[in-house]
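# An overview of the molecular structure
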Amino acid sequence: MLMFKLAWRNLFRNVRRTILTCLLISSSLVVLILVDGLVLGMVDVMVGGITKTLEGEAQVNHRDFRTNLEPEYFIEDPVGVINIIETDNEVAGYAPRVIIGGMVASSYNTTGGLIYGVDAERELEVSRIKDALIEGEYLSGGERELLMGKPMVDLLEIELGDRVVLTAAAVDTNEIAQELFRLTGVLEFGPEEIDKTYIFINLKKAQSLLGMQGHVHQIALQFNDPEISRKPDLPLFQTLTDDEVEALGWLDLQPSIGAMIEMSSFSTMIVGLVLFLLTSLGVINSMFMSIYERIYEFGVSKAIGTTPFQITQLVLIEALLLALLSCTFGLLMAYLIGDYFSENGIPMGKMEVSGIVVDGNMYTRLATYQFIHFPIYVTLLTLTAALYPALYASKIVPTQALQRAL
Amino acid sequence: MTNVIETKNLLRKFGSDETEIIALNKVSVEIEKGEFTAIIGPSGSGKTTLLHLIGGLDEPDDGSVFLSGANIAEMSGNELSDFRRDHIGFIFQAYNLIPVLSAQENIEYIMLLQGVPAAERKSRVGDMLNLVGLEGLGDRRPAHLSGGQQQRVAVARAMASQPDIILADEPTANLDSKTGIALLDVMRELNEKQNMTFVFSTHDQKIMDRATRLIHLEDGAIEKDERK
Ligand SMILES: Nc1ncnc2c1ncn2[C@@H]1O[C@H](COP(=O)(O)OP(=O)(O)OP(=O)(O)O)[C@@H](O)[C@H]1O
Ligand SMILES: [Mg+2]
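Everything numeric here is computed off the predicted structure, so don't read it as measured data. (Residues numbered from 1 in each chain as written. Chains lettered and ligands numbered in written order. Predicted model: local features only at pLDDT ≥ 70, side-chain atom pairs only at ≥ 80, totals over all residues. Heavy atoms only, no water.)

## Quick look at the overall build of chain A
What counts here: Working definition: helices are DSSP H or I runs of at least four residues, strands are E runs of at least two. Numbering for both runs from the N terminus. Only C-alpha atoms enter the radius of gyration, while the globule expectation follows 2.2 Å times N to the 0.38, with N the number of residues. Remark: exposure states derive from per-residue accessible area (1.4 Å probe, protein chains only) relative to the maximum for the residue type, with buried under 20%, exposed over 50%, and partly exposed in between. Only heavy atoms enter the contact rule, under which two residues are in contact if any of them lie within 4.5 Å. Per-residue and other accessible areas were derived by the Shrake-Rupley procedure at a 1.4 Å probe size, with only the shown protein chains allowed to occlude residues.
Helix and strand counts for chain A come out as 15 helices and 14 strands. Against the globule reference of 22 Å for 406 residues, chain A gives a C-alpha radius of gyration of 31 Å, more extended than a compact globule. Seen through its principal axes, chain A has C-alpha atoms that stretch 105 × 45 × 30 Å. Sorting the 406 residues of chain A into buried and exposed places 51% on the buried side. Look at the contacts in chain A between residues 6 or more apart in sequence, and 77% of them connect residues 24 or more apart. A total accessible area of about 19100 Å² is found for chain A, and carbon and sulfur atoms account for 58% of it.

What follows is the structure in structure tokens.
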């Protein structure tokens, strides 16, 4: 208690230095939290760009379908899979799909595309097809309804209501199937590759066109909590996976994104290390300054019976209080700033991160661990930095200290 | 009479071969309980060195120091810290006090280190403030006390820990003559009433007049030792 009282009062002997040191420590905490929050925000955009746009947070596919998109690798028993999915409380929505490569032709032009047969209602909970609509109407289940991206519409030189012909190989007979559709709506997702190639028609129509009634290629899932899909050993995945189909989260579906996330947390770590290095130099410097000013005092203290250990303790407690003060202030600042940017965003202009167009603002995402782990790191760092000055103070020799500056 | 302090052939040298200074040259001295001793001598004669050796702040190159029968020279760092805390009171020339503690907290300091119970500490602090004539000033920080008052607090702090002896290196050197004499009178009173043993160094004739014993140092050796 005595040492805490002394330490606390000592902190306020040189208010300006204490405030400056506090600012140094707390700003490194703030920067660390904001950088991490920004990285989280970016990852959210990146991951969301993939999982929310179309791919889903998890997918059930035929084992061989994902690697080569061969239409014969469909899920035999989608009803069985769906029954299991529907009993899981964590699943927010699912969407069965037929996916096949084909040709699309207008009166003026022809191009290749990836045809998605989708359940219009179910897609509302899984993908952003409806949100991407910039012209016309969304699918309603009609026989000839078709949606495609703006670039493809321009290429085919068509307008809403115009006729297009889809051509694909039927799965059952392997014969060419052809069907007439009318352009119902125009989409703009953002990423070029999607807008240039994806075509959406109703699931039932696709199944009958391709001769695969009752079967689908893919069931995309969304969860209530996005974190769930990060778990590779999720029980639901294990239940769904068998010899024929496999259920995977987006981390497994998009390993490159996983690698990018690891990269970004690595860069956060580098930022953290640099900050910590600078901060600890600042702390060491300021602690030494405060000790040099008190050499005579430490000399008297030791002469009258304070042990070296107690001196070490005193200096370390001073550092601890300094760290706690700084963390309190830093956390408050980080929360205020981080919260502001998580709502208003940091204006960045338009940019593209791995094929996903991030428009306008970067949003920070604050997480609980930032407010628990980071201040602990910062406090430990401050204590570590103070260790050397503390030991130095404990080794002050009274006879030498007392000779100084009277 | 029992000896509080007994030094035998104390030798203390500073510097290396060519620049060697012998600060104390085979000093043997005995100080009895209840004595009020002044160590006097010209500057550089070894007064501070002797007080530091007696108080276990410095180690002799040769010889021994017995304080209440214990050989200080044989103690390790931490043992010595604890020994100083429990058996020796120190008063230095100035800046004795911890600036962030009030007068009474300064007086309490050593007792806190000693683990004296709160009630006992409180009563001793009150007594000491009275004894040194600082009643009512206990809440003041050193910066708000005069030099003489600060030295009285240092005396009170040394007394409160109930040491075997109080060592004071030129306690009045930073005070004007009147204040210095007043401080000495306080010390002398404590010496008489509480039978506390004091050893102090001084240059000041009026101060040494108040001592009951004068040890004259010259070039690190005792030149004269007179009891009044
Ligand atoms: N740490 C040291 N290093 C080198 N020489 C020292 C040291 N301490 C003391 N001395 C020398 O030892 C001798 C005795 O010094 P000491 O301080 O004991 O004298 P003093 O009688 O207290 O003098 P003063 O009246 O000036 O305080 C002096 O010559 C001094 O220069
Ligand atoms: Mg001296």
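## What about a nonpolar patch on the surface?
Test applied: Candidates for patches are residues over 30% relative accessible area with no salt bridge; among them, like charges are joined within 9 Å and nonpolar side chains (Val, Leu, Ile, Met, Phe, Trp, Tyr) within 5 Å. Salt bridges are defined as contacts in which a side-chain nitrogen from Lys or Arg sits within 4 Å of a carboxyl oxygen from Asp or Glu.
A surface patch of nonpolar side chains, amounting to about 650 Å² of accessible area, comprises A:Trp8, A:Phe12, A:Val15, A:Ile19, A:Leu20, A:Leu23 and A:Phe329. Note on A:Phe329: relative accessible area 40%, which makes it partly exposed.

## Side note on the packing of aromatic side chains
Two aromatic rings, taken as a pair, are described by how far apart their centres are and by the angle between their planes. Residues and elements named next belong to chain A. Going by this rule: In summary, the pairing rule links any two rings of Phe, Tyr or Trp, Trp by its six-membered ring, whose centres are within 6.5 Å, and it sorts them by plane angle into stacked for under 30 degrees, edge-to-face for over 60 and tilted for everything else.
Summed over the entire model, instances satisfying the criterion amount to 18 aromatic pairs over all chains. A centroid spacing of 6.2 Å and a plane angle of 65 degrees characterise the contact between Phe223 and Phe237, whose relative ring orientation is edge-to-face. Note that Phe223 is positioned in strand β9 (residues 218–223) and Phe237 in helix α9 (residues 235–240), a separation of 14 residues in sequence. Across the pair, exposure class does not vary: Phe223 and Phe237 are buried alike. Between Phe288 and Tyr292 the ring centres are 5.7 Å apart and the planes differ by 25 degrees, which places this aromatic pair in the stacked class. Of the two residues, Phe288 and Tyr292 are both situated in helix α11 (residues 255–292); the distance of four residues between them amounts to about one turn of the helix.

## Observations regarding helix α3 (residues 103–114) of chain B
For α3(B), the tally of buried residues reaches nine of twelve residues, placing the bulk of the element in the interior. Along α3(B), the residues classified as buried are B:Ala103, B:Glu105, B:Asn106, B:Ile107, B:Glu108, B:Tyr109, B:Ile110, B:Met111 and B:Leu113. Contacts made by the buried residues of α3(B) are with α1 (2–11), α12 (295–303) and α13 (308–344) of chain A together with α2 (77–87), α4 (118–131) and α5 (147–160) of chain B. Residue B:Gly115 follows α3(B) closely and has a positive phi angle near 80 degrees.

## As for the sheet that holds strand β6 (residues 88–91) of chain B
All names here are of chain B. Condition: The rule for pairing is simple: two strands pair if DSSP sees at least two bridges between them. A fitted line through C-alpha atoms serves as each axis, taken over the contacting stretch for helices, and the angle formed by two N-to-C directions is quoted from 0 to 180°.
The mixed open sheet is built from six strands, whose spatial order is β6-β7-β8-β3-β9-β10. At either end of the open sheet lies a strand with only one pairing partner, and these are β6 and β10 (221–227). Neighbour to neighbour, the strand axes of the sheet diverge by 15 degrees on average, direction disregarded. Where helix α6 (residues 177–194) meets the sheet, its contacts fall on β3 (36–40), β7 (165–169) and β8 (197–202), and the angle it forms with β8 comes to roughly 155 degrees.

## Notes on the domain arrangement of chain A
Residue and element names in this part refer to chain A. Note the following rule: As used throughout, domain bounds are those supplied by an automatic or database domain assignment. Accessible surface is computed with a 1.4 Å probe, and the buried area is the amount of it that two parts give up when combined, taken over both parts together. Identification of polar contacts relies on pairs of N or O atoms within 3.5 Å, with a donor-acceptor requirement for protein atoms, meaning one able to donate a hydrogen and the other able to accept it, and with residues adjacent in sequence counted only if both atoms are side-chain atoms. Under the scheme applied here, ten amino acids are nonpolar (Ala, Val, Leu, Ile, Met, Phe, Trp, Tyr, Cys and Pro), four are charged (Asp, Glu, Lys and Arg), and all others, including Gly, are polar.
Partitioning chain A into structural domains gives domain 1 (2–49 + 261–405) and domain 2 (56–253). Using C-alpha coordinates to define each centre, domain 1 is positioned 51 Å away from domain 2. Counting residues at the interface gives seven residues for domain 1 and six residues for domain 2. Taken over both partners, the interface formed by domain 1 and domain 2 buries close to 400 Å², and the fraction arising from carbon and sulfur atoms is 62%. Where domain 1 packs against domain 2, one counts zero salt bridges. Counting every contact that joins domain 1 to domain 2 gives zero residue pairs in polar contact (both at pLDDT 80 or more). Looking at the side of domain 1 that touches domain 2 element by element, the count peaks at three residues for helix α2 (residues 15–55). For the side of domain 1 that touches domain 2, the residue count by class is four nonpolar, two polar and one charged.

## So, the interface of chain A and chain B
Counting residues at the interface gives 23 residues for chain A, matched by 26 residues for chain B. Summed over both sides, the interface between chain A and chain B buries roughly 2200 Å², with carbon and sulfur atoms accounting for 66% of that surface. Area buried by chain A at its contact with chain B is led by A:Leu2, A:Arg9 and A:Ile304, which between them contribute 28% of it. Across the contact surface, chain A and chain B share two salt bridges. Here A:Lys5 makes a salt bridge to B:Glu105, at a shortest N to O gap of 3.1 Å. The interface formed by chain A and chain B holds seven residue pairs in polar contact (both at pLDDT 80 or more) in total. Listing elements by their share of the side of chain A that touches chain B, those giving two or more residues are α1, α12, α13 and α15 (398–403) of chain A. In terms of residue class, the side of chain A that touches chain B is made up of eleven nonpolar, seven polar and five charged.

## Digging into the pairing of strand β3 (residues 110–118) of chain A
All names here are of chain A. Of all nine residues in β3, seven are buried; the element is thus mostly enclosed. Summarising the sheet, strand β2 (residues 91–105) and β3 pair through nine bridges and their orientation is antiparallel. Paired with Ala105 across the bridge in β3 is Thr110. As consecutive antiparallel partners, β2 and β3 are separated by four residues. With five bridges joining them, β3 and strand β8 (residues 198–202) adopt parallel strand pairing. When the sheet's bridge partners are listed, Ile115 is paired in β8 with Ile199.

## So, the environment of B:Arg124
All names here are of chain B. For Arg124, the position within the fold is in helix α4. Classification of Arg124 by relative accessible area gives buried; the value is 11%. As for Arg124 and Ala156, which are separated by 32 residues in sequence, their C-alpha atoms are 9.4 Å apart. In this structure the side chain of Arg124 is engaged in a polar contact, spanning 2.5 Å, whose partner is the backbone oxygen of Ala160.

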